[in-house]
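Observations on chain architecture
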Amino acid sequence: MSDAGAERRPVDVVLVDDHPLFSRGLALLLPVVSGGQVRVVGTTDDASAAAALVRRHHADVAVVDLHMPPPGGTRAIAAIRRADPLVRVVALSGLAEADAAVEALRAGAAAFLPKTADPELLVRPLLAVLDGWSVLPEDLLRKLLEDAAPTGEQGIADRLTADERRLWRLVADGAGTMEIATTLHVSDRTAKRLVAALLRSLGVATRVEAAALAGRVGLGRGAAQ
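We now turn to the structure provided with this report. (Residues numbered from 1 in each chain as written. Predicted model: local features only at pLDDT ≥ 70, side-chain atom pairs only at ≥ 80, totals over all residues. Heavy atoms only, no water.)

1. A word on the overall build of the protein chain
Along its length, the protein chain carries 11 helices and five strands. Here the protein chain holds 225 residues, and the buried ones make up 41% of them. Long-range pairs, those at least 24 residues apart, make up 64% of the contacts in the protein chain between residues at least 6 apart in sequence. Of the roughly 12,600 Å² of accessible surface on the protein chain, 54% is carried by carbon and sulfur atoms. (Helix = DSSP H or I, 4+ residues; strand = E, 2+ residues; numbered from the N terminus. Buried < 20%, exposed > 50% of the residue type's maximum accessible area, 1.4 Å probe, protein only. Contact = heavy atoms within 4.5 Å. Areas by Shrake-Rupley, 256 points an atom, 1.4 Å probe, with all protein chains shown as cover.)

2. Thoughts on the sheet that holds strand E3 (residues 61–65)
With respect to topology, five strands assemble into an open sheet ordered E2-E1-E3-E4-E5, the strand pairing being parallel. The outermost strands of the open sheet, each flanked by one partner alone, are strand E2 (38–44) and strand E5 (111–114). Between one strand and the next, the sheet's axes are offset by a mean angle of 25°, whatever the strand orientation. Across the sheet, helix H3 (residues 72–83) is in contact with E3 and strand E4 (88–93); its angle to E3 comes to roughly 165°. Sheet strands in contact with helix H5 (residues 119–130) are strand E1 (11–16), E2, E3, E4 and E5, and its direction is about 150° off that of E4. (Pairing = 2+ DSSP bridges. Axes fitted to C-alpha atoms, helices over the stretch in contact; angles between N-to-C directions.)

3. A word on H3
Across its 12 residues, H3 extends 17 Å between first and last C-alpha, which sits within 8% of the 16 Å expected from 1.5 Å per residue. Those residues of H3 not exposed but buried are Gly72, Gly73, Ala76, Ile77, Ala78 and Ile80. Here the buried face of H3 lies against helix H2 (50–57), E3, E4 and helix H4 (98–107). (Expected span 1.5 Å × (residues − 1).)

4. Thoughts on the side chain of Ser23
On the secondary structure map, Ser23 appears in helix H1 (residues 20–33). Taking relative accessible area as the criterion, Ser23 reaches 7% and is therefore assigned buried. Once residues within four sequence positions are removed from consideration, Ser23 is found in contact with Leu15, Asp17 and Thr43.

5. Some thoughts on a nonpolar patch on the surface
The grouping of Leu29, Val32 and Val33 at the surface amounts to a nonpolar patch, some 240 Å² of accessible area in total. Relative to the elements of secondary structure, Val33 occurs in helix H1. Under the relative-accessibility criterion, Val33 is labelled partly exposed at 31%. (Patch = residues over 30% accessible without salt bridge, like charges linked within 9 Å, V, L, I, M, F, W, Y side chains within 5 Å. Salt bridge = Lys/Arg side-chain N within 4 Å of Asp/Glu carboxyl O.)

6. Focus on the pattern of salt bridges
Side chains that carry opposite charge are capable of pairing whenever their charged atoms lie near each other. Counting across every chain of the model gives five salt bridges. Between Lys115 and Asp17 there is a salt bridge; the shortest N-O distance is 3.0 Å. One end of the pair, Lys115, is in the loop between E5 and H5; the other, Asp17, is in the loop between E1 and H1, with 98 residues separating them in the sequence. Exposure remark for Lys115: the relative accessible area of 17% places this residue in the buried category. In this structure, Lys115 engages Asp65 in a salt bridge whose closest nitrogen and oxygen atoms are separated by 3.4 Å. In this pair, Lys115 is assigned in the loop between E5 and H5 and Asp65 in strand E3, connecting sequence segments 50 residues apart. The pair Lys115 / Asp65 is uniform in exposure class, with both members buried. Overlapping salt bridges bring together Arg9, Asp12, Arg39 and Asp60 as one network.

Dropping the structure here:
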């Protein structure tokens, strides 16, 4: 982490991109829009040369285009991180692809941004990754979180609270409304309401269906409480 109270020295950046116009334009714009906080110390259009270039210039950050000729941007990121784990990597892509973002992050990137981003907006992520942050566009982050959510029948169980799972076990074990009310220390009316809410959460219409589903995911009689 950097000292927020100390004056930050310029961030040395290496650009790895096989589109000369984009790379040259970014190299010219970043120092200007950052007010001198960022300086581009090297560029390459060869993914296989990226790690050596970063090491030679003692760069702080590498900005890597993912869609490059073999070995490709993802492998370049991994090679950079192997050569110097302290170097932070910002992955760029022409498309906001969730799969590409996951691959880049797994390879060691600290940020994933679209190439359409304004160079002025790119400065903040460059500084943020040096302070230990990861950066993703909001819509892409939301999609990754949705994709990571549990799915299928077991996913339903994982999304329930401990109290809902306890109620589900009671229903699966054949407990009636009065027994549920007594066990949960609520009124009969509240017990009926809780069961109805549980059925909606499970996506089933009846207690019998709820019991069958509980058996398939291991939440029936004898399951751990």
